[in-house]
Amino acid sequence: MSLFDSKFSTACPGCGQEIAAKIVVDIAGKNTIISNATGCLEVFSSKYPDSAWKVPWVHSLFENSAAVASGVEAALKHLGKLKDIKVIAQAGDGGTADIGLQALSGMFERGQEILFCCYDNEAYENTGVQRSGLTPLNTNTTTTPPGKESVGNTRPKKPMLEICAAHKIPYVASASIGFIKDLKDKVKKALSIRGPKYLQIFVPCPLGWRHGPELTMKIAKLAVETGLYPLVEFENGKLTSAMKIPQPKPVEEYLKLQGRFKHLLKNKQELQRIEETAKANIESFGL
Amino acid sequence: MKRFLEGSRGVAEAIRLCKPGVISAYPITPQTHIVEDLAQFVADGELKTEFVNVESEHSAASVVLGALATGVRAFTATSSQGLLLMGEVIYNIAGMRLPLVLTCANRAVSAPISIWNDHQDSLAMRDTGWIQLYAENNQEALDFHIQAYKLAENKEIMLPVMVCMDGYILTHGYEPVDIPEQKKVDQFLPPYNTSYKLDPSHPITMGHLAEPSCYMETRVDIQNALNRALEMIPQIAKEFGTVFERNSGGLVESYRLEDAQYVLVAKGSLAGTIKEVVDNLRKKGKKVGMLRIITYRPLPVEAIYQALKNIPNVGIVEKAISLGAFGPLFTEIKAIFQNKKGNPKISGFVAGLGGRDITRETVERIFSKIEKRQMDLEFIDVKQERLNEFVRF
């Protein structure tokens, strides 16, 4: 039986975050305590008096899931229970890379025994699809709408994996729900390593990205296969693995399935910039 | 054992005796000496606690929140901007019913930046559901922390307590204080034990999403718990007196009120100065007295009413201002007397903002003001000539 009971979840059909969160908790097992940031996952899983969580789970605020987890970890250490109980902090991309970045950096620097999972759906979906620091270049969000003077989000994704790796923590990795076995292996590996760990999981959002719920897994695969979302691992600050894509797919195949990129399809110049992003990833990570 | 100690050290000694499992704090003047002393206790093996150094007060408050959610007693201390930065978590801790004890080394708030004492920081947190106690001297500061844990962790209360002590005046002032024996503290304060915690053998969800159908009751429940605290605080003070053979704590302190005609109301260390002035004026035949608010939240409405109902002239002296309105305590004490028998003339005075000294002479002047007429708001010892310039920073 899953430790995430979907019966008490109000997630949208095809929600990638729900799929990923369920995998993470089930691999972690029942001796786990989760600290969850404010966001979609928190809202759809904890509506009073119900809860989807079959492990002890705490939600405090938006930016502090890493700090709350740090308190849980310190308390377990004090009680002599840290060997037996795993601590996971989790948040969306905004709660991780924007408002939660300071607390996350503090948790890394303290060397605490915590796995931090970022469910990256590339925007503030819970509040109505506003851009975050992990929103890709040229994306149409409600705060970066395309128009006469704009083609959407003006900046590329914040390089969170490199930022985390620069802390020289034991393990940093990216995964996608499009590659379930790889995701599961990385969760297992992360939980087997002592110290702070960071896992960023690509999770499509049908509502915010404007695609059919049946396309979630396909899009989650294509993001990786085009080179736009590299699946990599860093250990102690060094790149140690990257999932190879010997024949990268054209980015249009990925973009055309999503309403958030629809405005780009006839814009050759901007399409070229996206293609260049993929190429740069392929080169720098050796995909 | 009596020792001549800095106020901050006294608080650190109290916390050592209360044995929190997790301490987390971020440096801010004038709170720093408290956590420095605690860090040294941990370094010397005198206190078995996880001391978590963090990158902000927001995280300090979040770390102790997480520790309490895991069922472990915790402590933090802060001041001024630090308390304001914690603000979001301050509400959260009360809403989640976690019995944190926090020292607020009271300090003014920016801008302009000022490291000196007033009560604007803790007053900004008065509506959060926290219990607030104000110490007059270093012995009280020490004692209140021990009482605070007992109060916060009471199953009928389960709310955080902020022990407020005047920055510099108390935190950096040396006074003889009695440090209780560990044995007696253990007798008074049992270990923190709760079933409301993150525990894999009994998994619970904490921090639910509340729809309109259930949010309001959470606030009523805190209000009810705070009302119970009004009964509990004097009981705890009494028990403290029995175990430690010293009077400390409670809701209010009446000082020479029996036949008083003119009474000042104050919180914190200012009460010490007022007591001296009262004694001097009494020698000159003036019928003066003082009421000290020890517990500010919950507001001890009945105790204040009983203490002041037969006093013809009352002046509230406070180190805080609700800008655009009045002193907060003034407004509240006025409200207590609305539609009640006995109706003292109540005046409001705001003094000592940003560390401006409130001397005995200042207090004497305030006494003479309430002899003359009632006023809702007067700022004390303001340099009028400064107001002709642009007072902008």
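Owing to the predicted nature of the structure, the values given are computational and were not obtained by experimental measurement. (Residues numbered from 1 in each chain as written. Chains lettered and ligands numbered in written order. Predicted model: local features only at pLDDT ≥ 70, side-chain atom pairs only at ≥ 80, totals over all residues. Heavy atoms only, no water.)

Quick look at the environment of B:His202 now. Residues and elements named next belong to chain B. As for its placement among the helices and strands, His 202 is situated in the loop between helix H7 (182–188) and strand S9 (205–206). Through-space distance from the C-alpha of His 202 to that of Val 220 is 27 Å; in sequence the pair is 18 residues apart. For His 202, the side chain forms a polar contact with the side chain of Ser 201, separated by 3.5 Å. (Helix = DSSP H or I, 4+ residues; strand = E, 2+ residues; numbered from the N terminus. Polar contact = N/O pair within 3.5 Å; in protein donor to acceptor, adjacent residues only side chain to side chain.)

Attention now goes to the sheet that holds strand S4 (residues 115–120) of chain A. Strands sit in the order S8(A)-S7(A)-S5(A)-S6(A)-S4(A)-S3(A)-S1(A)-S2(A)-S9(B) across an open sheet of 9 strands; the sheet is mixed. This sheet does not close on itself; its edge strands, each paired only once, are strand S8 (238–242) of chain A together with S9 of chain B. The pairing of strand S5 (residues 171–176) of chain A with strand S7 (residues 232–235) of chain A spans 2 bridges and is antiparallel. Directly across from A:Ala173, in S7(A), lies its bridge partner A:Glu233. Across the sheet, helix H7 (residues 180–192) of chain A is in contact with strand S3 (86–92), S4, S5, strand S6 (197–202) and S7 of chain A; its angle to S5(A) comes to roughly 160°. (Pairing = 2+ DSSP bridges. Contact = heavy atoms within 4.5 Å. Axes fitted to C-alpha atoms, helices over the stretch in contact; angles between N-to-C directions.)

The omega torsion of the bond from B:Thr29 to B:Pro30 falls at 0°, within 30 degrees of zero and hence cis. Relative to the assigned elements, B:Pro30 resides in the loop between strand S2 (22–25) and helix H2 (32–43). Residue B:Ser110 is joined to B:Ala111 through a cis peptide bond whose omega torsion reads -5°. Of note, B:Ala111 is situated in the loop between strand S5 (101–106) and helix H5 (120–123). We note that A:Asn138 has phi near 70°; this positive angle belongs to a residue other than glycine. Relative to the elements of secondary structure, A:Asn138 occurs in the loop between S4 and helix H6 (160–165). At B:Arg97, a position not held by glycine, the phi torsion is positive, near 60°. Relative to the helices and strands, B:Arg97 is located in the loop between helix H4 (80–95) and S5. Among the residues examined, B:Arg97 registers a relative accessible area of 15% and is labelled buried. (Buried < 20%, exposed > 50% of the residue type's maximum accessible area, 1.4 Å probe, protein only.)

Attention now moves to the confidence of the model for chain A. Residues at a pLDDT of 70 or more form 100% of chain A, whose mean pLDDT is 98. Mean pLDDT across the secondary structure elements of chain A bottoms out at helix H11 (residues 268–285) of chain A, with 97, and peaks at S6(A), with 99. (pLDDT = per-residue confidence, 0-100.)

Residues and elements named next belong to chain B. By domain assignment, chain B separates into domain 1 (2–244) and domain 2 (252–387). Taking only C-alpha atoms, the centre of domain 1 and the centre of domain 2 are 27 Å apart. Every contact between the two is made by 26 residues of domain 1 and, on the other side, 25 residues of domain 2. Considering only the side of domain 1, the residues that lose the most area to domain 2 are Arg 126, Tyr 134 and Glu 136, jointly responsible for 31% of the buried surface there. Here Arg 292 and Glu 136 are joined by a salt bridge, their closest N and O atoms 3.0 Å apart. Counting every contact that joins domain 1 to domain 2 gives 13 residue pairs in polar contact (both at pLDDT 80 or more). Mapped onto the side of domain 1 that touches domain 2, the elements with two or more residues apiece are H5, strand S6 (131–134), helix H6 (138–152) and helix H8 (215–244). Residue composition of the side of domain 1 that touches domain 2, grouped by class: 15 nonpolar, 5 polar and 6 charged. (Domains from an automatic or database assignment. Buried area = accessible area lost by both parts, 1.4 Å probe. Salt bridge = Lys/Arg side-chain N within 4 Å of Asp/Glu carboxyl O. Nonpolar A, V, L, I, M, F, W, Y, C, P; charged D, E, K, R; others polar.)

A separate point is the side chain of A:Ser65. Residues and elements named next belong to chain A. Locating Ser 65 in the fold gives a position in helix H3 (residues 65–79). Here Ser 65 falls in the buried class, since its relative accessible area comes to 2%. In contact with Ser 65, other than residues within four places in its own chain, are Ser 35, Asn 36, Ala 37, Ala 89, Gln 90, Ala 91 and Phe 116.

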